[in-house]
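Coordinate inspection notes
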Amino acid sequence: MGFADQRFNVNLSILFTELPLLERPAAAAAAGFTAVELWWPWIDAPTPEQSELDALKSAIEDAGVRLTGLNFYAGRLPGPDRGALSLPGEESDRFRANIDVAADFARSLGCTALNALYGNRVEGVDPAEQDRLALENLVLAARAADRIGAILLIEALNKPESPRYPLVSAPAAIEVVDKVNAATGLDNAKFLMDLYHLSMNGEDLPQVIDAYAAKTGHVQIADNPGRGAPGTGTLPLEELLDRLAKAGYEGWVGLEYKPGDGPSAESFSWLPAGARAAR
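Being a predicted model, the structure only gives us computed values, none of them experimental.

**Overview of the overall build of the protein chain**
The number of helices and strands found in the protein chain is 8 helices and 8 strands. On C-alpha atoms alone, the protein chain measures out to a radius of gyration of 18 Å, which is about the 19 Å that the 2.2 N^0.38 rule sets for 279 residues. Counting only C-alpha atoms, the protein chain reaches 50 × 45 × 35 Å along its principal axes. Put simply, 76% of the contacts in the protein chain that link residues at least 6 apart link residues at least 24 apart. Of the roughly 11,300 Å² of accessible surface on the protein chain, 50% is carried by carbon and sulfur atoms. Taking the 24 positively charged and 39 negatively charged side chains of the protein chain as two groups, their mean positions are separated by 3 Å.

**Some thoughts on the pattern of salt bridges**
On inspection of all chains with the given rule, the structure shows 15 salt bridges. When the shortest N-O distance is used, the salt bridge between Asp100 and Arg147 registers 3.1 Å. Of the two residues, Asp100 sits in helix H3 (residues 90-108) while Arg147 sits in helix H4 (residues 127-147), which places them 47 residues apart along the sequence. For Asp100, a relative accessible area of 43% puts it in the partly exposed group. Across the salt bridge formed by Asp178 and Lys215, the nearest N and O atoms sit 2.9 Å from each other. Taken as a pair, Asp178 in helix H5 (residues 170-184) and Lys215 in the loop between helix H7 (205-212) and strand E7 (216-221) lie far apart in primary sequence, 37 residues in all. The class of Lys215 is partly exposed, set by a relative accessible area of 34%. What emerges from the salt-bridge pattern is a single network uniting Arg96, Glu129, Arg132 and Glu136.

**Re the pairing of strand E1 (residues 8-11)**
The side-chain alternation of E1 yields two buried faces, one formed by Phe8 and Val10 and the other by Asn9 and Asn11. Direction of pairing for E1 relative to strand E2 (residues 35-38): parallel, over a ladder of 2 bridges. Bridging from a neighbouring strand, Val10 pairs with Val36 of E2.

**Some thoughts on the packing of H7 against helix H8 (residues 237-246)**
At a closest axis distance of 9 Å, the pairing of H7 and H8 adopts a crossing angle of 20 degrees. Put simply, H7 runs roughly parallel to H8. In the packing of H7 onto H8, the handedness of the crossing is right-handed. Of the residues in H8, those touching H7 at Leu205, Pro206, Ile209 and Asp210 are Leu240, Arg243 and Leu244. Taken together, the residues of the contact of H7 with H8 break down into 5 nonpolar, no polar and 2 charged.

**Some words on the pairing of strand E6 (residues 189-194)**
The buried fraction of E6 is high, at 5 of 6 residues. Sheet topology places strand E5 (residues 151-155) next to E6; 4 bridges connect them, and they run parallel. Across the sheet, Glu155 pairs through a bridge with Leu192, a residue of E6. Relative to E7, E6 runs parallel, the two being bridged by 4 bridges. Within E7, the position partnered with Met193 by the bridge is Val219.

Calculation rules
- Residues numbered from 1 in each chain as written.
- Predicted model: local features only at pLDDT ≥ 70, side-chain atom pairs only at ≥ 80, totals over all residues.
- Heavy atoms only, no water.
- Helix = DSSP H or I, 4+ residues; strand = E, 2+ residues; numbered from the N terminus.
- Rg over C-alpha atoms; globule rule 2.2 N^0.38 Å.
- Contact = heavy atoms within 4.5 Å.
- Areas by Shrake-Rupley, 256 points an atom, 1.4 Å probe, with all protein chains shown as cover.
- Lys, Arg positive; Asp, Glu negative; His and termini not counted.
- Charge placed at Lys NZ, Arg CZ, Asp CG, Glu CD.
- Salt bridge = Lys/Arg side-chain N within 4 Å of Asp/Glu carboxyl O.
- Buried < 20%, exposed > 50% of the residue type's maximum accessible area, 1.4 Å probe, protein only.
- Pairing = 2+ DSSP bridges.
- Axes fitted to C-alpha atoms, helices over the stretch in contact; angles between N-to-C directions.
- Parallel < 35°, antiparallel > 145°, perpendicular 65-115°, else oblique.
- Left-handed = near helix turned anticlockwise from the far one by under 90°.
- Nonpolar A, V, L, I, M, F, W, Y, C, P; charged D, E, K, R; others polar.

Structure, rendered in structure tokens:
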């Protein structure tokens, strides 16, 4: 097995960002990839103009790539925010306004995975109140995902880079996954296993894979240290992905790494060109 046996997609919110948004799908296709994923592209607009949605949809379709993953509105990302759904007041309202917009956009492109970032702790707000609000909003998101035949992803981030984010371990994210599934009865909430974030938390990655592969709906990778391409750090990513496959994971592996100082297209030398098109 190895990298050539995986189904990779390119995250266009961290790779090819040297290009305007609407040019990135074609750039990914030119690099040999046939699948892409995105953070919510409009950081200040949970409900953008239909013309903006249509333009991005056309750019993806014209490039001949498939959208396989999309984040719900998550605030300023990249930036100081780590989601909106657990933040009382305006941000929670913005998340709720975005739910059907994101779901309908995903459905229009056949995308079947929607990621809902939990949100930072807010000073002066009871964490239990934030968790109650988060569950309410995640239930709404799970139902919207179910409506379009998609899964809802819950992601663990890393504490060094996201110190106010409460889900900074695989067990913490899995606990939320289980609560959402219990509340909805839909069983469509899944774990987003980001091997970079989990490694930054010092977790035992083989143990995490063995324990949670069955509840994992999506995987993302970057090397550590540096969050660069595979081979720029010390993570045995090829071995870890093989272990995931042996544990039964058959889903997508999102390339969510920083390309370095050069153009993004030059950061894929670790992956043979013939292995980039998804099978």
